[in-house]
Amino acid sequence: MRATIPAGAFAYEPKWDGFRALAWAADTDGLPRLDSRNQRPLLRYFPELTAALTQLPAGTVVDGEIVVVTGGSLDFDALQQRIHPAASRITRLAAETPAQVVVFDLLAERGDDLRRAPFVERRERLAALMGTLAPPWHLTPSTTDRSEAARWFTDFESAGCDGLVCKPLDGPYREGERALTKVKHRRSVDCVVGGYRLHKQGDRVGSLLLGLYTADDELHFIGHCSGFADADRVAILERLRALEGARGGFGQGVRRPGEPSRWSGDKDLSWVPIAPDLVCEVSYDQLTGERFRHATRFERWRPDKESRACRLDQLELPVGPAFADVVQTGRPA
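Residues numbered from 1 in each chain as written. Predicted model: local features only at pLDDT ≥ 70, side-chain atom pairs only at ≥ 80, totals over all residues. Heavy atoms only, no water.

Chemist: Got a minute to help me understand the side chain of Ser 207 in this structure?
Modeler: Structurally, the position occupied by Ser 207 is in strand S12 (residues 205–213). Among all residues touching Ser 207, those that are not within four sequence positions of it are Gly 195, Tyr 196, Arg 197, His 224, Cys 225 and Ser 226. (Helix = DSSP H or I, 4+ residues; strand = E, 2+ residues; numbered from the N terminus. Contact = heavy atoms within 4.5 Å.)

Chemist: Just checking my understanding: could you explain the sheet that holds strand S9 (residues 161–168) for this structure?
Modeler: Two strands in a sheet stick together by hydrogen bonds in their backbones, pointing the same way (parallel) or opposite ways (antiparallel). In space, the three strands of this open sheet follow the order S1-S9-S10, with antiparallel pairing throughout. The strands lining the two open edges of the sheet, one partner per strand, are strand S1 (10–16) and strand S10 (181–184). For this sheet, the mean angle separating the axes of adjacent strands, direction not counted, is 25°. Where S9 lies against S10, four bridges are found, and the strand directions are antiparallel. Within S10, the position partnered with Cys 166 by the bridge is Thr 181. (Pairing = 2+ DSSP bridges. Axes fitted to C-alpha atoms, helices over the stretch in contact; angles between N-to-C directions.)

Chemist: Explanation requested: the side chain of Ser 73 in the structure shown.
Modeler: Take Ser 73: it is sitting in strand S5 (residues 73–74). Polar contacts involving the side chain of Ser 73 include one to the main-chain carbonyl oxygen of Ser 158, which spans 3.0 Å. Setting aside chain neighbours within four positions, we find Ser 73 in contact with Val 68, Ser 158, Ala 159 and Gly 160. (Polar contact = N/O pair within 3.5 Å; in protein donor to acceptor, adjacent residues only side chain to side chain.)

Chemist: Just checking my understanding: could you explain the pairing of S12 for this structure?
Modeler: Across a regular strand the side chains alternate sides, sitting on one face of the sheet and then on the other. Most of S12 sits inside the fold, with nine of its nine residues counted as buried. With six bridges connecting them, strand S11 (residues 187–198) and S12 associate as antiparallel partners. Residue pairing for S12: Tyr 196 is matched across the bridge by Leu 208. From the end of S11 to the start of S12, which pair antiparallel, there are six residues, and Gly 202 there has a positive phi angle of about 85°. The sheet contact formed by S12 and strand S13 (residues 219–225) spans six bridges and is antiparallel. Within S13, the residue paired with Leu 210 across the bridge is Gly 223. Here S12 folds back onto S13, and the loop between the two strands holds five residues, one of which, Asp 217, carries a positive phi near 60°. (Buried < 20%, exposed > 50% of the residue type's maximum accessible area, 1.4 Å probe, protein only.)

Chemist: Teacher, can you tell me more about the pairing of S9 here?
Modeler: In terms of residue burial, S9 counts as a mostly covered element, since seven of its eight residues are buried. Where S1 meets S9, six bridges bridge the pair, whose relative direction is antiparallel. From the neighbouring strand, Phe 10 faces S9, where its bridge partner is Pro 168.

Chemist: Any chance you could explain helix H3 (residues 87–96) here in plain terms?
Modeler: Structurally, the α-helix is built with 3.6 residues per turn, so residues lying three or four positions apart point the same way. Every buried residue belonging to H3 is among Ile 90, Leu 93 and Ala 94, and all of these are buried. Along the axis of H3, the buried positions cluster into a sector of 110°, meaning they face one direction only. When the buried face of H3 is taken as reference, the exposed residues oriented beyond 90 degrees from it are Ser 88, Thr 91 and Ala 95. Those residues of H3 hidden inside the fold are in contact with helix H2 (76–81). (Arc of directions from axis to C-beta.)

Chemist: Mind showing me how you'd approach unusual backbone geometry here?
Modeler: Glycine aside, residues mostly have negative phi angles, and peptide bonds mostly take the trans form. Note the cis peptide between Pro 135 and Pro 136, where omega equals 20°. Residue position: Pro 136 is located in the loop between helix H4 (119–130) and strand S8 (137–139). Phi is positive for Gln 39, which is not a glycine, with a value near 70°. When you line up the elements, Gln 39 lands in the loop between strand S3 (33–35) and helix H1 (50–53). In the Ramachandran plot, Arg 110 falls in the positive-phi region, its phi being about 50° despite a non-glycine side chain. With respect to the helices and strands, Arg 110 occurs in the loop between strand S6 (99–109) and strand S7 (112–113). The exposed category is assigned to Arg 110, whose relative accessible area is 53%.

Function cannot be read off these values alone, since they describe shape.
This is the structure in structure tokens:
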């Protein structure tokens, strides 16, 4: 699906697939900070970044993305595993999958509050600051050339870029506001409906459980689709109930719905299997491994397509430069 990149006085930058964070230089107590957007402390989960934070000059705050790089690309699964309550596991993963930081904005430098300054000034000062920092600091690319941004949108996906962020050149830093334009990748794929979950009201479908066949002809659970109008939910449930109690369903030895994880907590994961005869086209923005990161968007039913033709090899895997080839890394340590 074609993305529309806005024209105008913008700086265009890759949108990185990580955890957004504000990094603060050491305060009067000598302690640096690494906080999420909702001000939750993150440094305990990424202790290996403490030394990097001490490189920041006093009174400096940068905005960026915490990432983990595996095989030249960002690895969101590995990044998620870093959020763990056990100190021993955090220590082990800090060594096995160390985090890095991609910076893209400068809120303050040496006590100088830059939030009201135009982005073009903040970017210039951020680039100069990056020349004084060593890895694991990285500076995201930035361009005012829309055609160059369109190339990045396609070419940089292999490095872990999941779209573009378009920033007004004269815009101040706006905390907690959606003042930026984001352009995300979006693709479509034909999936088999292998089951469903009921809506909390009980008389309509809550979500469709989607699958694709593996090379071994097992139906692999890849995600769900839930954005339906109420009238459609009722009609879809009637259609699905006619397929209950029949052959097939999600395979054994592959990913299946309802599998517990530390993210699901006490959430009801029950579902109803159906015969894998229905095919629908959905669109999605991101993949994590062999699953959709977020809920998909239903596009249409595909009665013209055989379910066995819906296979994992439909998924497009980006090819192109590695993460290290895209970002500007700080000076050698």
